[in-house]
Amino acid sequence: MDIPDNVKKILKKIKKEGWQAYLVGGCVRDLEMEKTPKDWDVATDAVPEEIQKIFPESFCNNEFGTVNVSGVEITPFRTEEKYTDKRHPDKVKWSKNIEEDLARRDFTINAMALGADEKTIIDPYKGKEDIKRKIIRAVGSPEDRFEEDSLRMMRAVRIASVLGFKIEPKTSSAIKKNSSWITSVSKERIRDELSKAIMSENAAPGIELLRELRLLEHIIPELLEGYKVGQNKHHLYDCYEHSIKSLDYSAKKGFNFHVRMASLMHDIGKPRTKQGKGEKATFYNHELVGARMTREIMQRLKFPKKDIEKVERLVRYHLFYYNVGEVSESSVRRLLRNAGPENIEELLQVRYADRVGSGCPKAEPYKLRHLKYLIDKVSKDPISVKMLKVNGQDIMEMLSLKPGPAIGKILDILLGEVLKDPSKNDKDYLKKEIERINVLTEKELDKKAEDARKEIDQVQVKEDKMTKDKYWVT
Ligand code: ATP
Ligand code: MG
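Residues numbered from 1 in each chain as written. Chains lettered and ligands numbered in written order. Predicted model: local features only at pLDDT ≥ 70, side-chain atom pairs only at ≥ 80, totals over all residues. Heavy atoms only, no water.

**As for the packing of helix α21 (residues 392-399) against helix α22 (residues 405-420)**
Moving on, step 1. The interhelical angle for the contact between α21 and α22, taken along N-to-C directions, is 115°, at an axis separation of 10 Å. On the basis of their axis angle, the class for α21 and α22 is roughly perpendicular. Here α21 and α22 pass one another in a crossing that is right-handed. Contacts between α21 and α22 involve Gly392, Ile395, Met396 and Leu399 on the former and, on the latter, Ile407, Ile410 and Leu411.
Moving on, step 2. Here the contact of α21 with α22 is built from residues that sort into six nonpolar, one polar and no charged. (Axes fitted to C-alpha atoms, helices over the stretch in contact; angles between N-to-C directions. Helix = DSSP H or I, 4+ residues; strand = E, 2+ residues; numbered from the N terminus. Parallel < 35°, antiparallel > 145°, perpendicular 65-115°, else oblique. Left-handed = near helix turned anticlockwise from the far one by under 90°. Contact = heavy atoms within 4.5 Å. Nonpolar A, V, L, I, M, F, W, Y, C, P; charged D, E, K, R; others polar.)

**What about helix α8 (residues 169-178)?**
Moving on, step 1. Along α8, the residues that are buried comprise Thr171, Ser172, Ala174, Ile175 and Asn178. Take α8 and look down its axis: the buried residues cluster within an arc of 155°, on one side only. In α8, the exposed positions angled more than 90 degrees off the buried face are occupied by Pro169, Lys170 and Lys177.
Moving on, step 2. Packing partners of the buried residues in α8 comprise β10 (135-136), α6 (142-148), α7 (151-163) and β11 (166-167).
Moving on, step 3. Capping of α8 at its N-terminal end is provided by Glu168; its side-chain oxygen lies 2.9 Å from the backbone amide nitrogen of Lys170. (Buried < 20%, exposed > 50% of the residue type's maximum accessible area, 1.4 Å probe, protein only. Arc of directions from axis to C-beta. Polar contact = N/O pair within 3.5 Å; in protein donor to acceptor, adjacent residues only side chain to side chain.)

**Topic: the site of ligand 1**
Moving on, step 1. Neighbouring ligand 1 are 13 residues, the closest being Arg29, Asn110, Asp149, Arg152 and Arg158.
Moving on, step 2. In the model, a nitrogen atom of ligand 1 is placed 3.2 Å from a nitrogen or oxygen of the Asp106 main chain.
Moving on, step 3. One of the backbone nitrogen or oxygen atoms of Asn110 is found 2.9 Å away from an oxygen atom of ligand 1.
Moving on, step 4. Summarising the interface, the protein chains cover 81% of the accessible area of ligand 1, which totals 590 Å² for the free molecule.
Moving on, step 5. Elements with a minimum of two residues in the shell around ligand 1: α2 (26-32) and α7. (Near = heavy atom within 4 Å. Areas by Shrake-Rupley, 256 points an atom, 1.4 Å probe, with all protein chains shown as cover.)

**Looking at unusual backbone geometry**
Moving on, step 1. For Lys134, which is not glycine, the phi dihedral falls at a positive 55°.
Moving on, step 2. Mapped onto the secondary structure, Lys134 falls in the loop between α5 (127-133) and β10.

**Section: the packing of aromatic side chains**
Moving on, step 1. All told, the structure shown has four aromatic pairs when counted by the stated rule.
Moving on, step 2. Between Tyr227 and Tyr240, the ring centres sit 5.4 Å apart and the planes meet at 70°, which makes this aromatic pair edge-to-face. Here the residue Tyr227 occupies a position in the loop between α12 (221-224) and α13 (239-252), and Tyr240 occupies one in helix α13, the gap between them amounting to 13 residues.
Moving on, step 3. A relative accessible area of 32% means that Tyr227 is categorised as partly exposed.
Moving on, step 4. Lying over the aromatic face of Tyr237, Lys245 brings its terminal NZ or CZ to 4.7 Å of the ring centre. (Phe/Tyr/Trp six-rings, centres within 6.5 Å; stacked < 30°, edge-to-face > 60°. Lys NZ or Arg CZ within 6 Å of the ring centre and 35° of its normal.)

**Notes on the environment of Thr75**
Moving on, step 1. Structurally, Thr75 can be placed in strand β5 (residues 72-76).
Moving on, step 2. Each C-alpha atom of the pair Thr75 and Ile410 lies 78 Å from the other, and the pair is 335 residues apart in sequence.
Moving on, step 3. Setting aside residues no more than four positions away along its own chain, Thr75 makes contact with Val42, Ala43, Thr44, Phe64, Gly65 and Thr66.

**What about the pattern of salt bridges?**
Moving on, step 1. Evaluation of the coordinates by the stated rule reveals 37 salt bridges.
Moving on, step 2. Measuring nitrogen to oxygen at the nearest pair gives 2.9 Å for the salt bridge that ties Asp130 to Arg137.
Moving on, step 3. The class of Asp130 is buried, set by a relative accessible area of 2%.
Moving on, step 4. According to the relative accessible area criterion, Arg137 is partly exposed, its value standing at 26%.
Moving on, step 5. The residue Arg158 makes a salt bridge to Glu193 at a minimum N-O spacing of 2.6 Å. Here the residue Arg158 occupies a position in helix α7, and Glu193 occupies one in helix α9 (residues 187-198), the gap between them amounting to 35 residues. Glu193 matches Arg158 in its accessibility class, with the two residues each being buried. (Salt bridge = Lys/Arg side-chain N within 4 Å of Asp/Glu carboxyl O.)

**Side note on the domain arrangement of the protein**
Moving on, step 1. Each assigned domain of the protein is listed here: domain 1 (5-130), domain 2 (134-219), domain 3 (245-379) and domain 4 (385-471).
Moving on, step 2. The C-alpha-based centres of domain 1 and domain 2 are spaced at 23 Å.
Moving on, step 3. Taken together, the contacts link 20 residues of domain 1 with 24 residues of domain 2.
Moving on, step 4. Summed over both partners, the interface of domain 1 with domain 2 comes to about 1800 Å²; 56% of that surface belongs to carbon and sulfur atoms.
Moving on, step 5. Our enumeration of links across domain 1 and domain 2 arrives at two salt bridges.
Moving on, step 6. Taken together, domain 1 and domain 2 are joined by nine residue pairs in polar contact (both at pLDDT 80 or more). (Domains from an automatic or database assignment. Buried area = accessible area lost by both parts, 1.4 Å probe.)

**Digging into the environment of Pro37**
Moving on, step 1. Structurally, the position occupied by Pro37 is in the loop between α2 and β2 (41-44).
Moving on, step 2. Residue classification places Pro37 among the buried residues on the basis of a relative accessible area of 9%.
Moving on, step 3. A C-alpha to C-alpha distance of 26 Å links Pro37 and Pro56, two positions 19 residues apart in sequence.
Moving on, step 4. Leave out the neighbours within four places in its chain, and Pro37 touches Cys27, Asp30 and Leu31.

**A closer look at the sheet that holds strand β4 (residues 67-69)**
Moving on, step 1. Strand order in the open sheet formed by seven strands is β3-β4-β5-β2-β1-β8-β9, and the pairing between neighbours is mixed. Looking at strand neighbours, the two that pair on one side only are β3 (59-60) and β9 (121-122), the edges of this open sheet. (Pairing = 2+ DSSP bridges.)

**Digging into the side chain of Ser95**
Moving on, step 1. Note that Ser95 resides in the loop between β7 (92-94) and α4 (98-103).
Moving on, step 2. Engagement of the side chain of Ser95 in a polar contact is seen with the side chain of Glu100, the distance being 2.6 Å.
Moving on, step 3. If near-sequence neighbours (up to four positions away) are discounted, Ser95 is found in contact with Asp45, Phe77, Arg78, Thr79 and Glu100.

**A few points about the nonpolar core**
Moving on, step 1. Counting 102 residues, the largest nonpolar core has Leu23, Ile136, Ile207 and Ile220 as its most contacted members.
Moving on, step 2. A total of eight residues in this core trace back to one element, the largest contributor, which is α7.
Moving on, step 3. The residues contacting Ile207, other than those within four sequence positions of it, are Leu194, Ile198, Leu216, Leu223, Tyr240, Ile244, Leu247 and Leu264.
Moving on, step 4. If you look at the next biggest cluster of nonpolar residues, it comprises 19 residues, including Ile383, Leu399, Val418 and Leu430. (Core = buried A, V, L, I, M, F, W, Y, C linked by side-chain atoms within 4.5 Å.)

**What about the side chain of Gln349?**
Moving on, step 1. Tracing the backbone shows Gln349 in helix α19 (residues 344-357).
Moving on, step 2. Since its relative accessible area comes to 16%, Gln349 is described here as buried.
Moving on, step 3. The residues touching Gln349, leaving out its near neighbours within four places in the chain, are Phe255 and Val259.

This is the structure:
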């Protein structure tokens, strides 16, 4: 077991002052599972004022009397009294013993304490055994515990997803039976647990478990509209199943939160737009309807505005049409403008997830690589005289010329030189060069301009070749 030195020091210091000190909750569970804990929580019989006396630099930051000592949270033993609203204890009561503190925790695997000697494990609910069996089990009566704080139902699913555990049958039937209690919980708390489930590798089985335990119908009922709603000849799975499979691909690939959410939501508008039956069913505008539904769902769950905007956009543009040779550069430019250049990578990831989620084995590697190439190409400025440090106006003023083909020829000659040696793109140098070109005969000027044009074209072709090589396309 690897407990960091600063945590050990804190435990010892509390003990030295005559108080009890234990590591509790997630960190004990993670240590037992030989995983590195995310954060370290300490429980003690000292009350907040006494903890603060031991650590003068600390600060007390919440209603539960948690004292923060350089990132380690120290909380007095608690026992909880009544919950009348299924989410907040009416009153938090300090306790003098660790057993009472463990009794108010949610699941057996989260209700273990490790003594300051780093050896004594207090495990009254056999959490260690449940870890071995990979089981989430409520501490005490599941129904009572879920009635006290109904978020625990969501936490059971989230922790099961993150750890890859199963929920023990009595605990899961209590969830299924009382799932509507989740509506009494604040949207922010639901959102946070949902996000953690989505960010786990088991995101897809997690959403499936939410459905089976009847929590999904209270959180994102829109997803269930697609349950057993068939698609058309391009799809193996029904709408709901397809969403789950797409999310699964995104999660397994380690894609970010926005891509995972968009993978789950991209076809959420299909049931409402379905027309016709069987092989010939259509879903016109489902991406528009879906984008609006996505926004409503995420707003309802109190996601931050920037997350909502991003996911909404990914859903809105997930359907972009692309076939090598069929799509023009201008339509790729339009896609870039609409979806936003900064979202393109994620949009492509959603498309891969969509593709794999429809039961086709491949994520269209060539086609999408070719699209990436075109995106890169149209995103780059073409080689042009606009890159020069002098312009046509400068030339006309210097040589007292009127607008005409000669100006273009001079610019081409200058560009040809600069492409060969970029250091020549310097205003003073170019001005001297303009004077040298000015003494050429018309024939000499034409010849030089023609050579320059060839040079420019060659560089453009070479650059395009490099971009193509980058994406492995021909
Ligand atoms: P994570 O690794 O995701 O942080 P965690 O188990 O540490 O998992 P936290 O939300 O940080 O989860 O909670 C810390 C501990 O507090 C839990 O292990 C559990 O003992 C207890 N706990 C948290 N939320 C509840 C709750 N709603 N009801 C009862 N106990 C809870
Ligand atoms: Mg934690």
